[in-house]
Amino acid sequence: MERPRAHLAAALHWPADMPFDWAHALAAGIGMGGPVLVGAATGHVEAGLVASLGGLMMSAVGTLRDGREQAFELGLAAIPAALATIAAWLLAERSIAEDAIVILLVALASLAGGYSREAAIVTTRFVLFLLVAGGAVGNRPHDWHPVLLVAGGALLGAAASMILGAIERAVSKPANPAPHAPHRAVTHAQRRTHFLRALRTLAGWQYTIRLAGCLAIATVLAHAWPEHHMYWVALTVALLTERAIEALPVKVTQRALGTFIGVLIAHFVFAWTLSAWWLATVVGVLAAGRAMLRTRNYLAYTVVMTPLVIALLDAGRPPDWAVLADRALATLIGALLVLAANAAFRGTAK
């Protein structure tokens, strides 16, 4: 009984000593709410929601103490965001063949992420951006406007992050940097040797096999039952599959509970047709809350993130209970797929 209690305590843990990054939260709110406000003012709310996807992508980077470092991190976020958006647009028809290409791209990205920590961050962002962008700009073949809209939203999000980061650095007291423990730099030759050696073992492939395998099953489900929202299975799999294998990761519990709660919140928030201005406000508040909760508690983060993604995918239209129930079921299926894959490969990752 102690282990389930400890697991639940870990899922609900809230770090009390973590400082609040107001600039990051405000930048995220502007980056996503701003395009929707522009869409409301011009009578193109759906286009504003598509553009807000760019703000979502750039909000992965917080405001940092060093402006040059922040610009560099925003660039690292922009590269996978641009590649993922273009790939989602090129594969917009969502045929079985194109979904197979998506799985191949995910597999190659996940494999390349094993090269270094930086490569893992960039490729993980690419995978998540690809799947989210596929839902937001998909089914629009030969229409290049969504790509420009996402790019515009990303530029707004990056500009808000840089400006608010500069303001935060100007008004905050400079902190004495903590001394760094000396460490031996790892050369590219050493990384390449380690990476190639890992590819000769099953441990070097287990993450790619688990992720691509689960996404393949999710794709089959999506094409077998197109009237349901099985696309959510793929998104759940991508969010929950991690390189390190655990029998029951705390993140799976947090994601499942957070999604079910978030689905209920989405129903009540979007149960009625919101005015364009209220929709922009809701998106901005949810985006700010997402940025604030991302490093605090994944359960609370998922509660906020779920209605935000639903707003993007459904263009702010009121979803009915059947759609929300489909997404809750898809979350459960995705979580079970991840757990099954973890069980199958447990003991291979070292």
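Residues numbered from 1 in each chain as written. Predicted model: local features only at pLDDT ≥ 70, side-chain atom pairs only at ≥ 80, totals over all residues. Heavy atoms only, no water.

## Comments concerning the overall build of the protein
Move 1: When helices and strands are tallied, the protein shows 14 helices and 0 strands.
Move 2: Reading the secondary structure of the protein in the N-to-C direction produces α-α-α-α-α-α-α-α-α-α-α-α-α-α.
Move 3: In summary, the protein has a C-alpha radius of gyration of 20 Å against a globular reference of 20 Å for 350 residues, a match within 12%.
Move 4: Structurally, the protein occupies a C-alpha span of about 55 × 55 × 50 Å along its principal axes.
Move 5: Every one of the 350 residues in the protein was classed for burial, and the buried ones make up 47%.
Move 6: By sequence separation, contacts in the protein at least 24 residues apart represent 80% of the contacts at least 6 residues apart.
Move 7: A total of about 17600 Å² of accessible surface is found on the protein, and carbon and sulfur atoms cover 70% of it.
Move 8: In the protein, 26 side chains carry a positive charge and 19 a negative one; their mean positions are 11 Å apart. (Helix = DSSP H or I, 4+ residues; strand = E, 2+ residues; numbered from the N terminus. Rg over C-alpha atoms; globule rule 2.2 N^0.38 Å. Buried < 20%, exposed > 50% of the residue type's maximum accessible area, 1.4 Å probe, protein only. Contact = heavy atoms within 4.5 Å. Areas by Shrake-Rupley, 256 points an atom, 1.4 Å probe, with all protein chains shown as cover. Lys, Arg positive; Asp, Glu negative; His and termini not counted. Charge placed at Lys NZ, Arg CZ, Asp CG, Glu CD.)

## Quick word on the side chain of Thr241
Move 1: By the element assignment, Thr241 lies in the loop between helix H10 (231-240) and helix H11 (250-269).
Move 2: Polar side-chain contacts of Thr241 include one of 2.7 Å to the backbone oxygen of Val237.
Move 3: When residues no more than four places from it in sequence are discounted, the contact partners of Thr241 are Tyr207, Arg210, Leu211 and Val338. (Polar contact = N/O pair within 3.5 Å; in protein donor to acceptor, adjacent residues only side chain to side chain.)

## Some thoughts on the pattern of salt bridges
Move 1: Scanning the model with the defined rule gives 2 salt bridges in all.
Move 2: Between Lys251 and Glu242 there is a salt bridge; the shortest N-O distance is 3.4 Å. (Salt bridge = Lys/Arg side-chain N within 4 Å of Asp/Glu carboxyl O.)

## Some thoughts on the nonpolar core
Move 1: Of all hydrophobic cores here, the largest spans 70 residues; its most connected members are Leu49, Leu53, Leu130, Leu215 and Val237.
Move 2: At 10 residues, helix H13 (residues 298-313) tops the list of elements feeding residues into this core.
Move 3: Those residues in contact with Leu130 that lie beyond four places of it in its chain are Ala84, Ala87, Ala88, Val102, Leu105, Val106 and Tyr231.
Move 4: Counting 6 residues, the second largest nonpolar core, distinct from the first, contains Met58, Val61, Ala154 and Ala158. (Core = buried A, V, L, I, M, F, W, Y, C linked by side-chain atoms within 4.5 Å.)

## Here we look at the packing of helix H2 (residues 22-42) against helix H3 (residues 45-58)
Move 1: Across the interface, H2 lies against H3 with an axial gap of 7 Å and an inter-helix angle of 165°. Between H2 and H3, the angle is such that the two are roughly antiparallel. In this structure, H2 meets H3 at a crossing whose hand is right-handed. In this structure, H2 uses Gly31, Met32, Pro35, Val36, Gly39 and Ala40 to contact H3, whose residues at the interface are Val45, Gly48, Leu49, Ala51, Ser52, Gly55 and Leu56.
Move 2: Its residues assigned to classes, the contact of H2 with H3 shows 8 nonpolar, 5 polar and no charged. (Axes fitted to C-alpha atoms, helices over the stretch in contact; angles between N-to-C directions. Parallel < 35°, antiparallel > 145°, perpendicular 65-115°, else oblique. Left-handed = near helix turned anticlockwise from the far one by under 90°. Nonpolar A, V, L, I, M, F, W, Y, C, P; charged D, E, K, R; others polar.)

## Some remarks on the packing of aromatic side chains
Move 1: All told, the structure shown has 2 aromatic pairs when counted by the stated rule.
Move 2: Note on Tyr115 and Phe195: the rings are 6.0 Å apart at their centroids and 80° apart in plane angle, and the pair reads as edge-to-face. Residue Tyr115 is located in the loop between helix H5 (96-112) and helix H6 (117-137), and its partner Phe195 is located in helix H8 (residues 188-198); the two are separated by 80 residues in the primary sequence.
Move 3: Of note, Lys251 hangs over the ring of Tyr298, and the distance from its end group to the ring centre comes to 4.9 Å. (Phe/Tyr/Trp six-rings, centres within 6.5 Å; stacked < 30°, edge-to-face > 60°. Lys NZ or Arg CZ within 6 Å of the ring centre and 35° of its normal.)

## Quick look at the environment of Ser116
Move 1: Its place among the elements puts Ser116 in the loop between H5 and H6.
Move 2: Ser116 gets classed as buried once you look at its relative accessible area, which sits at 13%.
Move 3: Taking the C-alpha atoms as reference points, Ser116 and Leu240, 124 residues apart in sequence, are found 20 Å from one another.

## Quick look at the environment of Ala71
Move 1: Inspection of the secondary structure assignment puts Ala71 in helix H4 (residues 67-90).
Move 2: Of the residues examined, Ala71 reaches a relative accessible area of 38% and is grouped as partly exposed.
Move 3: Residues Ala71 and Ala159 lie 88 residues apart in sequence; the distance between their C-alpha atoms is 9.9 Å.

## Describing H2
Move 1: Compared with the 30 Å implied by 1.5 Å per residue over 21 residues, the 29 Å span of H2 between its first and last C-alpha is a close match.
Move 2: The largest bend in H2 is about 30°, located at Gly33, with the proline Pro35 one to four residues further on.
Move 3: Remark: Gly43 follows H2 within two positions and exhibits a positive phi of approximately 80°. (Expected span 1.5 Å × (residues − 1). Bend = angle between axes of the 7 residues up to and from the residue.)

## Brief notes about the environment of Asn297
Move 1: The topology assignment puts Asn297 in the loop between helix H12 (276-293) and H13.
Move 2: By relative accessible area, which is 5% here, Asn297 ends up buried.
Move 3: Residues Asn297 and Val237, 60 residues apart in the sequence, show an inter-C-alpha distance of 19 Å.
Move 4: For Asn297, the contacting residues outside a window of four places in its chain are Ala11, Leu12, His13, Trp14 and Gln254.
Move 5: Only 3.1 Å separates the side chain of Asn297 from the backbone oxygen of Ala11, close enough to count as a polar contact.

## Quick notes on a nonpolar patch on the surface
Move 1: Taken together, the side chains of Phe20, Trp22, Leu26, Ile30, Leu156, Ile163, Ile167, Val171 and Met292 present a nonpolar region at the surface, about 770 Å² in accessible area.
Move 2: Those elements giving two or more residues to the nonpolar patch turn out to be H2 and helix H7 (145-171).
Move 3: Among the elements that take part in the nonpolar patch, H7 stands out by supplying 4 residues, more than any other.
Move 4: On the basis of relative accessible area, Ile30 is assigned to the partly exposed category, the value being 34%. (Patch = residues over 30% accessible without salt bridge, like charges linked within 9 Å, V, L, I, M, F, W, Y side chains within 5 Å.)

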